Amino acid sequence: MLTASVSTLPAFNSTGVYNTSITPSYLPWNTYNYCNAPHVNTAHYSKPTNISEAELVYMNVMIRHHKRTPDNLYPDENALNPADGWDCTNFLQMNYGAGGAPVFHKTDIPSWHPFLSQIWNGTCDSGQLTAGGLRDAVKHGQDFWSVYHNKLGFLDSVNTGDILIRTSTEPRTFQVASGLLFGMDPATAYQTWPVTTQPDNIDSLPPNYSCDFASDVRDAYQSVPAWTDHLVENADLQDRLSAMLGTTGLSAWSSWYDHFFDTFSSRTCHGHPLPCNATGACVSQEDANRVFALGDFEYNYIWNTAENSTLYNQLTFSVMFQELAMNFRSFQAGEETRKLRFYVGHDGSMIRLASGLGLGQVAPLRWPALGSEIVMEVWQGSTQLGSLNTDEQYVRVMHEGSPVLGLQWLPLADFVQLLESNVPDNLFETCQTGAA
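Residues numbered from 1 in each chain as written. Predicted model: local features only at pLDDT ≥ 70, side-chain atom pairs only at ≥ 80, totals over all residues. Heavy atoms only, no water.

Q: What exactly am I supposed to notice about the overall build of the chain here?
A: In terms of helices and strands, the chain carries 12 helices and 13 strands. A globule of 436 residues ought to have a C-alpha radius of gyration of about 22 Å, and the chain, at 22 Å, matches this closely. Along the three orthogonal principal directions, the C-alpha set of the chain runs to about 75 × 55 × 50 Å. A burial count over the chain gives 54% of its 436 residues as buried. Taking as baseline every contact in the chain between residues at least 6 positions apart, the subset at least 24 positions apart corresponds to 75%. Surface accessibility of the chain: about 18900 Å² in total, with carbon and sulfur atoms responsible for 52%. Of the charged side chains in the chain, 21 are positive and 44 negative, and the gap between their average positions amounts to 6 Å. (Helix = DSSP H or I, 4+ residues; strand = E, 2+ residues; numbered from the N terminus. Rg over C-alpha atoms; globule rule 2.2 N^0.38 Å. Buried < 20%, exposed > 50% of the residue type's maximum accessible area, 1.4 Å probe, protein only. Contact = heavy atoms within 4.5 Å. Areas by Shrake-Rupley, 256 points an atom, 1.4 Å probe, with all protein chains shown as cover. Lys, Arg positive; Asp, Glu negative; His and termini not counted. Charge placed at Lys NZ, Arg CZ, Asp CG, Glu CD.)

And the structure:
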């Protein structure tokens, strides 16, 4: 287990697991595990207790993909990895057109390549789901099925009539979808399954659509002392890491700790050592811990506590909030044909959804872990005051396998209003011109 804390940052719990997908048994089951977030499972799941004869009638779920290789690369990446690099030969990335031969994507990194210094040795691409990530996705699917089929009987079988899966256009998200489905029912390995995506340039799930005004809003609140102070206070760390890892003068690395967080955690989650350069200088565990804590601080500030962070979230994720609201409104109107809509996205998806739902008002938000999960359940039944009408349905939101304080029992109509409150008017025009 690794812990991280930085005395100059606002105080909140920055402890967690960063070196294994399996949370040690001596820790609580719902301990923050960046490598593999806690999620719903039959051992720790309970039905709502404030109604009798409760019936689960509808669900939307969003998760982050599971673990992958680093998505950010150092200028001299090759020298900062063990000589054997990253091995992905134990995971076939199938990618072929129906009616053609079942080919798979195999990464080759030639030792003679003139630009070899920019990538590690081995057989993995950057940002690629690993065999460990696929295993975690399969287990996630097994645990999900153990609750919503075995325990509740909500889902009868894994079929396209009941379940719609939507992902981003990144291969790792639909590979995670395949792992989830296999975990729910191994027979899906012999079936074809549609995974819905949107065109990359307008995809609302990562999100990818362009919004210049949102960028201006974020730039403004990242230019004030509430943000810049933490960069000044940790200049010793930045200088040390930049000199050691060759990122001096690169704003993508010096303007925040996102890239260091990614490159460190992706290594430790896969049992790789922290980076060491050609002189033998290595990133210390103490410095990695500081980076992990700084990453939590930065994500909480950008998407939760900064002035105008709410506006930034709404501008960049309102299309997704609108889609979710439309899903639940369709269910209200009796027009929904699915029981479950399951989204596989990214850390940017999860932090925005968490913030928009108000999770950051309960506790500071942390960097969404790999496999991070938000479940939105719709229940109906009988209360102690009598029988509920069919339109008196309630939403319970689960985050990392536990009910969210304040969202344990919200009337469905109020939940739809919460979603729609994150959808500003005239979004396209506002994004282009900045006009309200």
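Q: Explanation requested: the pairing of strand E6 (residues 163-167) in the structure shown.
A: Regular strands place side chains that alternate from one sheet face to the opposite one. Across the 5 residues of E6, 5 count as buried, placing the element largely inside the fold. Here E6 shows a buried face lined by Ile163, Ile165 and Thr167 and a second buried face lined by Leu164 and Arg166. Here E6 pairs with strand E8 (residues 340-345) via 5 bridges, running parallel. Looking at E8, one finds that Ile163 is bridged to Leu340. Examined bridge by bridge, E6 and strand E7 (residues 195-196) share 2 bridges and lie parallel to one another. In the strand pairing of E7, Ile165 is matched with Val195. (Pairing = 2+ DSSP bridges.)

Q: When you look at helix H2 (residues 171-184) in this model, what are you seeing that I'm missing?
A: Residue pairs spaced three or four apart in an α-helix point in one direction, given the helix's 3.6 residues per turn. Taking 1.5 Å of rise per residue, 14 residues should cover 20 Å, and H2 covers 20 Å from first to last C-alpha, within 8% of that figure. Within H2, 10 of the 14 residues are buried, which leaves it mostly tucked inside the rest of the structure. Among all positions of H2, only Arg172, Thr173, Gln175, Val176, Ala177, Gly179, Leu180, Leu181, Gly183 and Met184 are buried. Looking at the buried residues of H2, the elements they touch are strand E3 (52-64), strand E4 (93-94), helix H1 (131-151), E6, E7 and E8. (Expected span 1.5 Å × (residues − 1).)

Q: For this particular structure, what's the right way to read the packing of helix H8 (residues 285-305) against helix H10 (residues 347-356)?
A: Working note: a packed helix pair is described by the angle between its axes plus the distance between those axes. Between H8 and H10, whose axes approach to 9 Å, the crossing angle comes to 50°. Considering the angle they form, H8 stands oblique to H10. Between H8 and H10 lies a crossing of right-handed hand. Contacts from Tyr299, Trp303 and Asn304 in H8 reach Asp347, Ile351, Arg352 and Ser355 in H10. (Axes fitted to C-alpha atoms, helices over the stretch in contact; angles between N-to-C directions. Parallel < 35°, antiparallel > 145°, perpendicular 65-115°, else oblique. Left-handed = near helix turned anticlockwise from the far one by under 90°.)

Q: What is the right way to look at H1 in this model?
A: The terminal C-alpha atoms of H1, which comprises 21 residues, lie 29 Å apart, in line with the 30 Å expected from a rise of 1.5 Å per residue. Note on H1: the residue one or two positions beyond its end, Gly153, has a positive phi of about 70°.

Q: What is the right way to read the layout of surface pockets from this model?
A: Which parts of space are left empty comes out when a probe the size of a water molecule is rolled across the atoms. One number sums up the size of the largest pocket: a volume of about 990 Å³. Looking at the largest pocket, it is lined by 23 residues, and the ones nearest its centre are Met94, Phe174, Ser178, Gln191 and Trp193. Among the secondary structure elements, those contributing two or more residues to the lining of the largest pocket are E4, H1 and H2. Residues of the lining of the largest pocket, tallied by class, amount to 14 nonpolar, 9 polar and no charged. Roughly 780 Å³ of volume is contained in the second largest pocket. (1 Å grid on protein atoms, 1.4 Å probe; cavity = no way out; pocket = protein on both sides within 12 Å on 5 of 7 lines; lining within 4 Å. Points joined across faces, edges and corners; volume = space filled by probe spheres on them. Nonpolar A, V, L, I, M, F, W, Y, C, P; charged D, E, K, R; others polar.)

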